[in-house]
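Structural description and commentary
Chain residues, written in single-letter form:
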Amino acid sequence: MRFTALFLSVLVCALFALPAQSSDIDRTVQILDRLNRANDWRSHIMVVAHRTGWKENGRIVRAENSLDAMRNAIALGAEMIELDVRKSADGVFVLMHDDFLDRTTTCRGETKTKTLAELKTCRLVIEGQAIVTDETVPTLKEAFAIAKGKIIINIDNKLTAAVLPEIAAEARSLGMAGQILIKENLWNDRRIADTRTLMKAVGSDVTFMPILADDAVHDARFMGQATDAFDAPAAELVNWHAGDTPMTLDGGVLFSAKARATAARGNWHLWVNTYPIVNRAPGMLAGGRGDERAVLDGKPEESWGFWIDRGATIIQTDEPKALIAWLEENGYRIPYDLTN
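One structure accompanies this document, and this report is about it. None of these values were measured; they are calculated from a predicted model.

**Observations regarding the state of the cysteines**
All told, the structure shown has 1 disulfide when counted by the stated rule. Residue pairing for Cys107: its cysteine sulfur links by disulfide to Cys122, the two sulfurs lying 2.1 Å apart. Residues Cys107 and Cys122 share a disulfide whose torsion about the S-S bond is about -100°; that sign makes it left-handed. Taken together, the positions of Cys107 in the loop between strand 5 (93-95) and helix 4 (116-119) and Cys122 in the loop between helix 4 and strand 6 (123-126) put the pair 15 residues apart, joining distant regions of the chain. The buried category is assigned to Cys107, whose relative accessible area is 15%.

As structure tokens, then:
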């Protein structure tokens, strides 16, 4: 659920009770304010670092889902990081995208068959560069500790939705339930009802965001219904793109004038994903206008700029460094006040 004004005021009061060196927490409060007051911050584009921010200029330069990449995304100034969550054999939440460890670590086999002790022997690798890092498979709790007071965490749950209350409880135990964002695909009234039941178990101190894809959602009315049901501060919007189709010319129904008007009435952000999917058409999630167009083709205005022109105020990307630099150069970023 969206933070209430009262809860934000409590956070701010707590902030001023902290010593001056705690300016990172001040920025977190400001990020949440911009997230929850979309209509007041549509001139600022928020950046989400996909898989904790592992690429630069189309190359993998850091291990995905790593604490190292998290620290870098924080240093760059991203508002959020996206990370993937699985469980060890002994029930500990860890960061891992795939079922198997083979692609991203020095180990082999399924993540769920290894105990945490065994996973802590698996060193992360920088894919495609044959570089073995010193970092082992991180736990979700370790990631929370780094993010606390610095950045919002966008949870990509690779397990069943039933574990979301557990994830929320782990964040809550560290005093940062308000810093995580969880999401589910919604496409009809039944999905909304089921997810409302789930969110009662998760807790009202955790923010929920619907994922709406244009292969199932065809009108702005449902977009409003899906966001209103959870007082969601944003909707993650997917404009599917096949390899044999041209790039979108208008952004489709999810970025239509009606969709933008619905978002304005509901005070929520339109969120676009520009990161690529392996072995799929460029811009698979963004109508062909993804990171590849921006970075590899050197035409950011035809990717990031296109979506901003159609109302997007949150961009999830594999290229946080390049995106933030481009946004700043073009006047799409408003600095945070870190003077406390």
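**Some words on helix 5 (residues 140-147)**
Buried within helix 5 we find Leu140, Ala143, Phe144, Ile146 and Ala147. Projected down its long axis, helix 5 shows its buried positions confined to an angular sector of 165°, all on one face. Packing partners of the buried residues in helix 5 comprise helix 3 (67-76), strand 4 (80-87), strand 5, strand 8 (152-157), helix 6 (164-173) and strand 9 (180-185). A positive backbone phi angle near 75° is found at Gly149, which sits one or two residues after helix 5.

**Points about the nonpolar core**
Leu83, Leu140, Phe144, Ile153, Ile155, Ile167 and Leu212 are the most contacted members of the largest nonpolar core, which has 67 residues in total. For this core, the element with the highest residue contribution is helix 5, accounting for 5 residues. Judged by nonpolar contacts, the second largest core, of 13 residues, contains Leu32, Met46, Ile152 and Ile314.

**Focus: the packing of aromatic side chains**
One pass over the structure, following the stated rule, counts 5 aromatic pairs. Arranged with centres 4.4 Å apart and planes meeting at 45°, the rings of Phe208 and Phe230 form a pair that is tilted. Residue Phe208 is found in strand 10 (residues 207-213), and its partner Phe230 is found in the loop between helix 8 (220-228) and strand 11 (234-238); the two are separated by 22 residues along the sequence. For Phe208, a relative accessible area of 1% translates into the label buried. Three or more aromatic residues joined by ring pairs make a cluster, and in this case those are Phe255, Phe306 and Trp307. Between Arg34 and the ring centre of Trp41, over which it is positioned, the NZ or CZ distance is 4.0 Å.

**As for the environment of Val206**
Position of Val206 relative to the elements: it lies in the loop between helix 7 (189-202) and strand 10. Owing to a relative accessible area of 0%, Val206 belongs among the buried residues under this scheme. Taking the C-alpha atoms as reference points, Val206 and Ile180, 26 residues apart in sequence, are found 6.4 Å from one another.

**Points about the side chain of Gln179**
Among the structural elements, Gln179 can be located in the loop between helix 6 and strand 9. Look at Gln179 and you get buried, because its relative accessible area is 8%. Separated by 2.9 Å, the side chain of Gln179 and the backbone oxygen of Ile151 make a polar contact. Excluding anything up to four places from it in sequence, Gln179 contacts Thr28, Ala147, Lys148, Gly149, Lys150, Ile151, Ile152 and Ile153.

**With respect to helix 12 (residues 320-329)**
Turning to helix 12, its buried residues number three or more, namely Pro320, Leu323, Ile324, Trp326 and Leu327. Projection of helix 12 onto a plane perpendicular to its axis shows the buried side chains occupying an angular sector of 165°, all on one side. Those residues of helix 12 that are exposed and angled more than 90 degrees off the buried face are Glu328 and Glu329. Considering only its buried residues, helix 12 is in contact with strand 1 (46-49), strand 2 (55-56), helix 3, helix 11 (304-309) and strand 13 (312-317). Residue Gly331 follows helix 12 closely and has a positive phi angle near 75°.

**Quick notes on the pattern of salt bridges**
All chains considered together, the criterion is met by 26 salt bridges. With a closest N to O distance of 3.2 Å, Asp194 and Arg190 form a salt bridge. One end of the pair, Asp194, and the other, Arg190, are both in helix 7, 4 residues apart, so they sit about a helical turn from each other. For Asp194, a relative accessible area of 37% gives the class partly exposed. According to the relative accessible area criterion, Arg190 is exposed, its value standing at 59%. A single salt-bridge network, built from bridges that share partners, covers Arg51, Glu64, Asp98, Arg103 and Glu127.

The rules we used
- Residues numbered from 1 in each chain as written.
- Predicted model: local features only at pLDDT ≥ 70, side-chain atom pairs only at ≥ 80, totals over all residues.
- Heavy atoms only, no water.
- Disulfide = S-S within 2.5 Å.
- Helix = DSSP H or I, 4+ residues; strand = E, 2+ residues; numbered from the N terminus.
- Buried < 20%, exposed > 50% of the residue type's maximum accessible area, 1.4 Å probe, protein only.
- Arc of directions from axis to C-beta.
- Contact = heavy atoms within 4.5 Å.
- Core = buried A, V, L, I, M, F, W, Y, C linked by side-chain atoms within 4.5 Å.
- Phe/Tyr/Trp six-rings, centres within 6.5 Å; stacked < 30°, edge-to-face > 60°.
- Lys NZ or Arg CZ within 6 Å of the ring centre and 35° of its normal.
- Polar contact = N/O pair within 3.5 Å; in protein donor to acceptor, adjacent residues only side chain to side chain.
- Salt bridge = Lys/Arg side-chain N within 4 Å of Asp/Glu carboxyl O.

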